[in-house]
Amino acid sequence: MSAVIEVRDVSVRFATDFGEVEAVDGASFEVREGEILGLVGESGSGKSVTATAILRLIRRPGRLTGGSIVLGGRDLARLGEDELQKVRGTEITMVSQTPRTALNPLITVGEQVARLFVLHAGLSKADARKRAIEMLAMVGIPEPERRARQYAHQFSGGMCQRVMIAMALATSPRLLIADEPTTGLDVSTAARILDLLRDLGHRTGASILLITHDLGVVATTCHRVAVMHAGQMVEVAPVRALFAHPAHPYTRALVRSIPRIDCEVAMEPIPGAVPSLLNIAPGCRYAGRCPWVEERCRQIKPGMTEIAPDHLVACYAVEDGRARVV
């Protein structure tokens, strides 16, 4: 299966009054045709910054300091702003974790969707409105013709997220980035949004990068998963393989922290805390929390090693065989 987008060794830094913060350190992964890739990690692990870097929307005091982002043979890291404008909103689109604030409160929902068809497809206003109503119907908004005349404040959080998904898919993108799309939604509404993303991804052929901190969401929604810790990519694997045989100590800790009802210990907290990214040591950023740490872990960042088909991990202990893959 070929890759829609390839992210290789991407790094992002932010200048502060206290020094440089390396929010993303050499992240590498790919999103393949027709798949949903989960990008998972604790809050502050660099997931959303990585997504912003893909869209080349890092703003000062931040900057993209290295790596390549290849889409359709073009390296987005080296495109000019005019060329990037043709990619954003057409080939790559994004669904925000705050849909209500992402929608313009002064313009009807239907008009906001219709403007995409006018801007990117060159449709007349009348044809664009028809397509907007069709898109609202496709994402499951009832009475789409009537609701198209309403404003964002008249929609629930779940309905606003459906509108954002309609807008994201309006231009038939190759990649849709969904950044914590169920934040602030109740459990049943969140489940319906995830079902909708899965269904629409399959129907439209769009690949999806799903950013989340919830491994439960990953387990039920994604084909593969990439795990980030403190700005570093530590493991990439098919979902079933990752849950059955987590290799990196951080991934193991994440899996053990999932609440369970079938055992005496309901969940195990991850030991320690996410390290400060200010003037951080050059090695593995999990070293301060890791039970297998050795001196080189603190000095040299381990590279990704394939331990099974399509299963990559960045850990010296796993690479050397000192830690058994469970």
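To be clear, the structure that these remarks concern was listed above.
Residues numbered from 1 in each chain as written. Predicted model: local features only at pLDDT ≥ 70, side-chain atom pairs only at ≥ 80, totals over all residues. Heavy atoms only, no water.

1. Considering the overall build of the protein chain
To keep things clear, this is the line we draw: Numbering of helices and strands runs from the N terminus; a helix is a DSSP stretch of H or I covering at least four residues, while a strand is a stretch of E covering at least two. When a residue's accessible area, from a 1.4 Å probe over protein chains only, is under 20% of the maximum for its type it is buried; when over 50% it is exposed; and in between it is partly exposed. Contacts were defined at the residue level, with two residues in contact if any of their heavy atoms lie within 4.5 Å.
Helices and strands together make up the secondary structure of the protein chain, namely 13 helices and 12 strands. Across its three principal directions, the C-alpha atoms of the protein chain cover 65 × 50 × 40 Å. Within the span of the protein chain, comprising 326 residues, buried residues form 50% of the whole. In the protein chain, 62% of the contacts between residues at least 6 apart in sequence involve partners at least 24 apart.

2. Some details on the pattern of salt bridges
Here is the rule we go by: Here, a salt bridge means any side-chain nitrogen of Lys or Arg that lies within 4 Å of a carboxyl oxygen of Asp or Glu.
Inspection of the entire model under this criterion finds 22 salt bridges. Note that Asp-25 is salt-bridged to Arg-285, the shortest N-O span being 3.8 Å. Taken as a pair, Asp-25 in strand E2 (residues 19-32) and Arg-285 in the loop between helix H11 (249-256) and helix H12 (295-299) lie far apart in primary sequence, 260 residues in all. By relative accessible area, Arg-285 is classed as buried at 4%. Linked by salt bridges that have partners in common, Arg-13, Glu-20, Glu-22, Asp-25, Arg-63, Arg-285 and Lys-301 make up one network.

3. Digging into the sheet that holds strand E10 (residues 232-238)
Inclusion rule: Should DSSP find at least two bridges between two strands, the strands are regarded as paired. Axes here mean lines fitted to C-alpha atoms, for a helix over just the part in contact, with angles spanning 0 to 180 degrees between N-to-C directions.
Pairing within the open sheet is mixed, and its eight strands lie in the order E6-E7-E8-E3-E9-E10-E12-E11. Single-partner strands in this sheet number two, and they are strand E6 (92-95) and strand E11 (305-308). Each strand axis lies, on average, 20° off the axis of its neighbour in the sheet, ignoring direction. In the sheet, E11 pairs with strand E12 (residues 311-313) via three bridges, with the strands oriented antiparallel.

4. Considering helix H8 (residues 187-204)
Threshold: Here, expected helix span is obtained from the residue count minus one, scaled by 1.5 Å. Within this analysis, the arc is defined by the directions that extend from the helix axis to the C-beta atoms.
A rise of 1.5 Å per residue sets the reference length of H8, with its 18 residues, at 26 Å; its end C-alpha atoms lie 26 Å apart and thus fit the reference within 8%. Inspection of H8 places Thr-189, Ala-190, Ile-193, Leu-194, Leu-196, Leu-197, Leu-200 and Gly-201 among the buried residues, and these make up the whole buried set. All buried residues of H8 fall inside an arc of 155° around its axis, so they share one side. Opposite the packed face of H8, turned more than 90 degrees from it, sit the exposed residues Val-187 and His-202. Contact partners of the buried residues in H8: helix H5 (125-138), helix H7 (157-169), strand E7 (175-179), strand E8 (207-212) and helix H9 (215-221). Phi turns positive, to about 85°, at Gly-205, one or two residues after H8.

5. Here we look at unusual backbone geometry
With omega at 10°, the peptide bond leading from Arg-60 into Pro-61 counts as cis. Considering the arrangement of structural elements, one finds Pro-61 in the loop between helix H1 (47-54) and strand E4 (62-71). If you check the backbone angles, Ser-172 has positive phi at about 55° while not being a glycine. By the secondary structure assignment, Ser-172 is in the loop between H7 and E7. The backbone phi angle of Glu-180 is positive, close to 45°, even though this residue is not glycine. Inspection of the secondary structure puts Glu-180 in the loop between E7 and H8. In this structure Glu-180 comes out as buried when scored by relative accessible area, which is 9%.

6. Observations concerning the sheet that holds strand E5 (residues 74-75)
Across a sheet, strands are paired by hydrogen bonds formed along the backbone, either parallel or antiparallel in direction. Across the sheet, four strands lie side by side as E2-E1-E4-E5; this open sheet has antiparallel pairing. With one partner strand each, in any of the chains shown, E2 and E5 form the two edges of the open sheet. One ladder, built from two bridges, connects E4 with E5; its direction is antiparallel. Of the residues in E5, the one forming a bridge with Val-70 is Asp-75. Packed on one face of the sheet, H1 meets strand E1 (3-16), E2 and E4 and runs near 110° to E1.

7. With respect to the state of the cysteines
Note the following rule: Two cysteine sulfur atoms form a disulfide, by the criterion used here, when they sit within 2.5 Å.
Per the stated rule, a full pass over the model turns up zero disulfides. Cys-284 carries a free sulfur, and the closest cysteine sulfur to it, the one in Cys-297, is 6.4 Å from it. The exposure class assigned to Cys-284 is buried, which follows from its relative accessible area of 15%. Lacking any disulfide linkage, Cys-290 is separated from the closest cysteine sulfur, that of Cys-315, by 5.8 Å.

8. What to know about the nonpolar core
Most often, soluble globular proteins keep nonpolar side chains buried together rather than apart. Threshold: To define a nonpolar core, start from buried Ala, Val, Leu, Ile, Met, Phe, Trp, Tyr and Cys residues and group those joined through side-chain atoms within 4.5 Å.
Grouped together as the largest cluster of nonpolar side chains are 59 residues, with contacts concentrated most on Val-113, Leu-136, Val-163, Ile-165, Leu-176, Leu-210 and Val-227. A total of nine residues in this core trace back to one element, the largest contributor, which is H7. Discounting chain neighbours no more than four positions away, the residues touching Val-227 are Val-40, Gln-232, Met-233, Val-234, Glu-235, Leu-242, Tyr-250, Thr-251 and Leu-254. Counting residues in each nonpolar core, the second largest holds 31 residues, with Ala-27, Phe-29, Ala-51 and Ile-54 among its members.

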